[in-house]
Amino acid sequence: MSEKSEQQRLSVFKTYKLYVGGKFPRSESGRVYEVTDSKGKWLANAPQSSRKDARDAVVAARKAFGGWAGATAYNRGQVLYRVAEMLEGRRAQFVHEVADAEGLSKSKAAEQVEATIDRWVWYAGWTDKIAQVVGGGNPVAGPYFNLSSPEPTGVVAVLAPQESSFLGLVSVLAPVIATGNTAVVVASEKSPLPALSLAEVLATSDVPGGVVNVLSGRTAEIAAPLASHQDVNAIDLAGADEVLAKELEIAAADNLKRVLRPQPVDDWTATPGIDRLTAFLETKTVWHPTGSLGASGSAY
């Protein structure tokens, strides 16, 4: 291509969209808002989600819950590892977006992206191991097996951290879906682009549509209907400030949602432990006769 023809090319700007039910809709309201970098330079127009978008995302998450929760833990691990593979393949894109979003140098942004991919692999490895840590046999008085095992809570609303647009996002999202829940994610309000690009990775991996739904816009506006929604089982308030978190926690009490309050995180690269894995798990306990027959101690 000649130098002249290169100069005549029009710039092709990326159109960012929501991710709901495995599809990429625009906000039903038709609204967008400007996303800028740390220096105020325009980067893109992101969809500004409405209450209707939030409700649609909950419907999609509930529809996907049965199949995802019913999959084997080993299979969920395979699916999540596939996401990590695809993130690795799009590493350069995410380095660029994280650098713009957080005002980092390319080298620092690359470190963040590498830590994010490693974090996704870490949680993928926990899918078929967490039950061995938090479940097991319980000693009881009587001829019974008493077994406790973890099960997913259901549909979880996740308010992504505001400052850590990619590593923080994955650190709160991955444990939710690794344990069999489905998620409605509210991306960082000022830096939503890495989250919206992550949705493109999820759509082209093996994650079933509806398991993760990604909304962008005003955090308080989107979070309010999610906190009060009767079909949302839990909410992670990582991206809410103190005032908003209190309001959402009060709204969440209406249907006894599990609530994970905002936790101060100084360093998202630190090993996270299993707290977020267990935050949205229920424990099911089953009793079963051991087969002992009477006082003689004979058994079949």
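Our structure is the block above this text.
First, a word on what this report is: a plain description of the structure on this page.

Rules behind the numbers
Each chain has its residues counted from 1, running along the sequence as written. pLDDT decides what is reported in this predicted model: residues at 70 or higher carry local features, side-chain atom pairs at 80 or more are listed and counted, and totals for whole chains, interfaces and linings draw on all residues regardless. Excluding hydrogens and water, the side-chain figures rest on all heavy atoms present in the structure. Within this document, salt bridges are pairs made up of a side-chain nitrogen of Lys or Arg and a carboxyl oxygen of Asp or Glu, the two lying within 4 Å of each other. Numbering of helices and strands runs from the N terminus, with a helix taken as a DSSP run of H or I at least four residues long and a strand as a DSSP run of E at least two residues long. The cut-offs for exposure are 20% and 50% of the maximum accessible area for each residue type, with area from a 1.4 Å probe on protein chains only; residues under the lower value are buried, those over the upper are exposed, and the others partly exposed. Put simply, buried Ala, Val, Leu, Ile, Met, Phe, Trp, Tyr and Cys residues joined by side-chain atoms within 4.5 Å make one nonpolar core. Two strands pair if DSSP finds at least two bridges between them. Under the convention used throughout, the expected extent of a helix is 1.5 Å for every residue step, that is, one less than its residue count. Axes here mean lines fitted to C-alpha atoms, for a helix over just the part in contact, with angles spanning 0 to 180 degrees between N-to-C directions. Two residues form a contact once any of their heavy atoms are found within 4.5 Å. Cavities and pockets were defined on a 1 Å grid built from protein atoms only: a cavity is a group of points that admits a 1.4 Å probe but offers it no way out, a pocket is an open group of points flanked by protein on both sides within 12 Å along at least five of seven lines, and a lining residue is one with an atom within 4 Å of any such point. Grid points are joined across faces, edges and corners, and a volume is the space filled by probe spheres set on the points. Residues are grouped as follows: Ala, Val, Leu, Ile, Met, Phe, Trp, Tyr, Cys and Pro are nonpolar; Asp, Glu, Lys and Arg are charged; all remaining types, including Gly, are polar. Aromatic rings from Phe, Tyr and Trp, with only the six-membered ring used for Trp, were paired whenever their centres fell within 6.5 Å, and each pair was classed as stacked if the ring planes differed by under 30 degrees, edge-to-face if by over 60, and tilted otherwise.

Quick word on the pattern of salt bridges
Tallied over the entire structure, the rule returns 14 salt bridges. The residue lysine 190 makes a salt bridge to glutamate 163 at a minimum N-O spacing of 3.7 Å. Here glutamate 163 lies in the loop between strand 5 (155-159) and helix 7 (167-178) and lysine 190 lies in the loop between strand 6 (182-186) and helix 8 (193-203), a separation of 27 residues in the sequence. Looking at lysine 190, the relative accessible area reads 43%, which means it is partly exposed. Overlapping salt bridges bring together Lys14, Arg90 and Glu200 as one network.

Structural notes on the nonpolar core
Counting 62 residues, the largest nonpolar core has Trp120, Ile177 and Leu198 as its most contacted members. Judged by nonpolar contacts, the second largest core, of 25 residues, contains Leu18, Ala54, Ala60 and Ala61.

Describing the sheet that holds strand 4 (residues 144-152)
Pairing is antiparallel in the open sheet, where three strands are placed in the order 3-4-10. Single-partner strands in this sheet number two, and they are strand 3 (136-137) and strand 10 (281-289).

Observations regarding helix 4 (residues 91-102)
With twelve residues, helix 4 extends 16 Å from end C-alpha to end C-alpha; this agrees with the ideal 16 Å at 1.5 Å per step. Taken as a whole, helix 4 has its buried residues at Phe94, Val95, Glu97, Val98, Ala99 and Ala101. Phi turns positive, to about 65°, at glycine 103, one or two residues after helix 4.

Structural notes on unusual backbone geometry
Even without being glycine, leucine 256 reaches a positive phi, approximately 60°. Mapping leucine 256 onto the fold places it in the loop between helix 10 (242-252) and strand 9 (258-260).

Quick look at the sheet that holds strand 8 (residues 234-236)
Spatially, five strands are ordered 7-6-5-8-9 in an open sheet, and the strand pairing comes out parallel. At either end of the open sheet lies a strand with only one pairing partner, and these are strand 7 (212-215) and strand 9. The average undirected angle you get between the axes of adjacent strands in this sheet is 15°. Its contacts with the sheet place helix 2 (residues 51-70) against strand 5, strand 6 and strand 7, and it is angled at close to 155° to strand 6.

Here's the deal with the layout of surface pockets
The volume enclosed by the largest pocket comes to roughly 320 Å³. What lines the largest pocket is a set of 17 residues, and nearest its centre among them are Tyr16, Leu43, His96, Asp100 and Leu193. Mapped onto the lining of the largest pocket, the elements with two or more residues apiece are strand 2 (42-47), helix 4 and helix 8. Along the lines of polarity and charge, the residues of the lining of the largest pocket split into ten nonpolar, two polar and five charged.

Considering the side chain of threonine 219
Position of threonine 219 relative to the elements: it lies in helix 9 (residues 219-228). With relative accessibility at 4%, the residue threonine 219 sits in the buried group. When neighbours within four sequence positions are excluded, threonine 219 is seen to be in contact with Leu159, Gln162, Val186, Ala187, Glu189, Gly239 and Leu244.

Details of the packing of aromatic side chains
On inspection of all chains with the given rule, the structure shows six aromatic pairs. When the centroid spacing of 5.0 Å and the interplanar angle of 35° are considered together, the rings of tyrosine 19 and phenylalanine 24 count as tilted. Relative accessible area serves as the criterion here: at 3%, tyrosine 19 is assigned to the buried category. Residue classification places phenylalanine 24 among the partly exposed residues on the basis of a relative accessible area of 33%. With 5.8 Å between their ring centres and 75° between their planes, tyrosine 144 and tryptophan 287 make a pair best called edge-to-face.

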